[in-house]
Amino acid sequence: MEASAALSLKSSSWIGSEKGGRRSEGFSRFQSGIWEKKRVQSLGLIDSRCHRVSIRSGKLEPKISCCYKKSGGTESIHNSVDEALVLKRKSEDVLPYLNGRCIYLVGMMGSGKTTVGKILSEVLGYSFFDSDKLVEQAVGISSVAQIFKLHSEAFFRDNESEVLRDLSSMRRLVVATGGGAVIRPINWKYMKQGLTVWLDVPLEALARRIAAVGTASRPLLHQDSGDPYMKAFARLSALSEQRGDAYANADARVSLEHIATKQGHEDVSALTPTAIAIEAFVKIESFLTDKAAVRNSSLPSGMSA
Ligand SMILES: Nc1ncnc2c1ncn2[C@@H]1O[C@H](COP(=O)(O)OP(=O)(O)O)[C@@H](O)[C@H]1O
Ligand SMILES: O=C(O)C1=C[C@@H](OP(=O)(O)O)[C@@H](O)[C@H](O)C1
């Protein structure tokens, strides 16, 4: 089945969980001395391995963590078998073009980088990293909010750049970056070693998601009082203004508004993370095949790269 056909399948609103690892429920953790792969869950038809590795002092330490949350331990994150199948098929289309290159997800806080990143990594058989978690591990402080409080945002940003630098020499990873990683040009140099994908989510939807889970883990949005939605919306708007076009540097843009229109939904909240992951593959494939076509067109006739 073509992705476009599957994207038009009826889907219901998706109710997810906060940043997987930020809450401990359903989050099992393993450590091992080798680059071990561990099957941690079964998502029906999909090979669902998910690994994380820690970086300390600029060195990669093979710490493997299972990072997918399924509330209640039984429900699948995929809306339907059809959706899961399309996802699998799209991943198989994209895999040869990716050729081991990493995928970096960029986007505002709450745009779904962690949620979608885990799905992409599982189906590709890539490892998953959350750059915020890697900074926490490198610094030895268990939350980004505490790092901001005990040190400063600049200290966090320096460590974030170091983490991205270390990741840039690796292959076969999906990385959920922090929402502010895009503001430093050096981070783009690191991320452009792989493929960058922008999850473009309307501010209203971001504010709704963040108001639902609270702002405790996101220091730039934290508020002591006031209506959670209104406060989150105001802060997100200001940040988005400051960041200008930074996200648009990404190689591929996944617009939730665009997917919702294609699927005939009025609101992006009807979209499942799997549908968003499928669109990410569509956009990645199109970027990579366009690039290959440009390369081939510059070769002498009869040759291909
Ligand atoms: N497609 C979606 N629809 C509704 N909520 C979502 C969707 N994707 C993620 N969420 C929820 O939004 C919040 C932020 O998602 P997360 O993946 O942690 O974003 P990020 O890593 O970009 O900050 C979480 O509570 C998550 O469950
Ligand atoms: O947008 C930002 O500046 C930030 C986003 C956060 O990551 P998420 O996008 O994963 O929430 C985290 O890195 C930090 O709180 C700063």
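- The protein is annotated in an unreviewed UniProt entry as shikimate kinase from Ananas comosus.
- Among the UniProt annotations of the protein, the heading Function (unreviewed entry) holds the following wording: "Catalyzes the specific phosphorylation of the 3-hydroxyl group of shikimic acid using ATP as a cosubstrate."
- Here is the UniProt Catalytic activity (unreviewed entry) comment for the protein, exactly as written: "shikimate + ATP = 3-phosphoshikimate + ADP + H(+)".

1. Points about the overall build of the protein
Alright, step 1. Helix and strand counts for the protein stand at 11 helices and seven strands.
Alright, step 2. Across the 305 residues that make up the protein, the buried fraction comes to 51%.
Alright, step 3. Relative to all contacts within the protein whose residues are 6 or more apart in sequence, the contacts with residues 24 or more apart total 76%.
Alright, step 4. Looking at the protein as shown, the accessible area adds up to about 13,800 Å², and 51% of this sits on carbon and sulfur atoms.

2. Digging into the packing of helix α2 (residues 81-98) against helix α3 (residues 113-124)
Alright, step 1. Where α2 contacts α3, the two axes come as close as 9 Å, and the packing angle between them is 75 degrees. Here α2 lies roughly perpendicular to α3, going by the angle between them. Between α2 and α3, the residues in contact are Leu 87, Lys 88, Ser 91, Leu 95 and Leu 98 and Ile 119, Val 123 and Leu 124, respectively.
Alright, step 2. Considered class by class, the residues forming the contact of α2 with α3 number six nonpolar, one polar and one charged.

3. A short note on the environment of Phe 155
Alright, step 1. Topologically, Phe 155 is positioned in helix α6 (residues 153-167).
Alright, step 2. According to the relative accessible area criterion, Phe 155 is partly exposed, its value standing at 28%.
Alright, step 3. Considered as a pair, Phe 155 and Val 139 are 16 residues apart in the sequence and their alpha carbons are 9.8 Å apart.
Alright, step 4. Discounting chain neighbours no more than four positions away, the residues touching Phe 155 are Val 139 and Ile 147.

4. With respect to the environment of Lys 192
Alright, step 1. Examined against the element boundaries, Lys 192 turns out to sit in the loop between α7 (185-191) and β6 (195-200).
Alright, step 2. For the pair formed by Lys 192 and Leu 124, sequence separation is 68 residues and the distance between their alpha carbons is 19 Å.
Alright, step 3. The contact partners of Lys 192, leaving out residues within four places of it in the chain, are Asn 249, Ala 250 and Asp 251.
Alright, step 4. A distance of 2.8 Å separates polar atoms of two side chains, one belonging to Lys 192 and the other to Asp 251.

5. Describing the sheet that holds strand β4 (residues 127-130)
Alright, step 1. Taken in spatial order, the five strands make up an open sheet running β4-β5-β3-β6-β7, and their pairing is parallel. Looking along the sheet, the strands with just one partner apiece sit at the ends: β4 and β7 (252-255). The average angle at which neighbouring strand axes cross in this sheet is 20 degrees, direction not considered.
Alright, step 2. As paired strands, β4 and strand β5 (residues 173-176) are joined by four bridges and run parallel to one another. Counted as the bridge partner of Phe 128 is Val 174 from β5.

What counts and what doesn't
- Residues numbered from 1 in each chain as written.
- Chains lettered and ligands numbered in written order.
- Predicted model: local features only at pLDDT ≥ 70, side-chain atom pairs only at ≥ 80, totals over all residues.
- Heavy atoms only, no water.
- UniProt positions renumbered as here; feature names shortened; annotations may be inferred.
- Helix = DSSP H or I, 4+ residues; strand = E, 2+ residues; numbered from the N terminus.
- Buried < 20%, exposed > 50% of the residue type's maximum accessible area, 1.4 Å probe, protein only.
- Contact = heavy atoms within 4.5 Å.
- Areas by Shrake-Rupley, 256 points an atom, 1.4 Å probe, with all protein chains shown as cover.
- Axes fitted to C-alpha atoms, helices over the stretch in contact; angles between N-to-C directions.
- Parallel < 35°, antiparallel > 145°, perpendicular 65-115°, else oblique.
- Nonpolar A, V, L, I, M, F, W, Y, C, P; charged D, E, K, R; others polar.
- Polar contact = N/O pair within 3.5 Å; in protein donor to acceptor, adjacent residues only side chain to side chain.
- Pairing = 2+ DSSP bridges.

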